[in-house]
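Fold and contact review
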Amino acid sequence: RAPSSASEALRHVIEILNRDIEGILERLDTKEQNQFWFEVEHLEENRLRRESAVVGEEGFENVRSAVTGLDGRISEDERKLGEQDRRRFWELLRGAARQQWEETRQPKARHG
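Residues numbered from 1 in each chain as written. Predicted model: local features only at pLDDT ≥ 70, side-chain atom pairs only at ≥ 80, totals over all residues. Heavy atoms only, no water.

**Observations regarding the overall build of the chain**
To be explicit about the condition: Here a strand is any run of E in DSSP of at least two residues, a helix any run of H or I of at least four, and the numbering for each starts at the N terminus. Remark: exposure states derive from per-residue accessible area (1.4 Å probe, protein chains only) relative to the maximum for the residue type, with buried under 20%, exposed over 50%, and partly exposed in between. We call two residues contacting when some pair of their heavy atoms lies within 4.5 Å. Only the protein chains shown count as cover for residues, and all accessible areas are computed by the Shrake-Rupley method using a 1.4 Å probe.
Counting its regular elements, the chain contains five helices and zero strands. Counting from the amino terminus, the chain carries its helices and strands in the arrangement α-α-α-α-α. When each of the 112 residues of the chain is scored for burial, the buried share is 38%. A separation of at least 24 residues holds for 68% of the contacts in the chain among residues at least 6 apart in sequence. Counting every atom, the chain has about 6900 Å² of accessible surface; 44% of that belongs to carbon and sulfur.

Given below as structure tokens:
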């Protein structure tokens with residue numbers, strides 16, 4: 001969720017992204033959700049290194065597809081943001097992904 005201090009553009013991007021992620025999570029089991037959140041947490045870092053998501057992971061085709069699709073969506077949406085909002089966006093996404101990754105390490109996946 002976007003903090004109340006976020007710009008309107010950033011709040012809008014996060015709202016749309018949240019809906020996309022909810023749809024993705026509905027199609028993934030707990031183990032896949034955990035891998036998904038791990039990959040999302042490292043997405044910006046992988047972009048900077050020009051590495052693809054879920055490199056070399058066998059059995060995570062659903063996650064690879066989900067992260068690739070999400071990355072494409074983020075690429076479109078972040079163009080609507082200024083530099084400061086982009087930095088804030090990635091900070092918020094990494095933090096949320098880390099928290100969700102920790103939660104999906106438990107037997108029952110949680111998201112939202």
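**Examining the packing of helix H2 (residues 30-41) against helix H5 (residues 83-104)**
Filter applied, for reference: With axes taken as lines fitted to C-alpha atoms, and helix axes fitted only over the stretch in contact, angles between N-to-C directions fall between 0 and 180 degrees. Roughly parallel means an angle under 35 degrees; roughly antiparallel means over 145; roughly perpendicular covers 65 to 115; every other angle is labelled oblique. The sense of a crossing depends on the near helix, which, turned anticlockwise from the far helix by less than a right angle, makes the crossing left-handed and, turned clockwise, makes it right-handed. Gly is put with the polar residues, along with every residue not named as nonpolar or charged; the nonpolar set is Ala, Val, Leu, Ile, Met, Phe, Trp, Tyr, Cys and Pro, and the charged set is Asp, Glu, Lys and Arg.
Two elements in contact, H2 and H5, have axes separated by 8 Å at closest approach and are oriented at 155°. Relative to H5, H2 is oriented roughly antiparallel. Viewed along their axes, H2 and H5 form a crossing whose handedness is left-handed. Counting all contacts with H2, which are made through Thr30, Gln33, Asn34, Trp37, Phe38, Val40 and Glu41, the residues of H5 involved are Leu93, Arg94, Ala97, Arg98, Gln100, Trp101 and Thr104. Looking at the contact of H2 with H5 residue by residue, the class counts come to six nonpolar, five polar and three charged.

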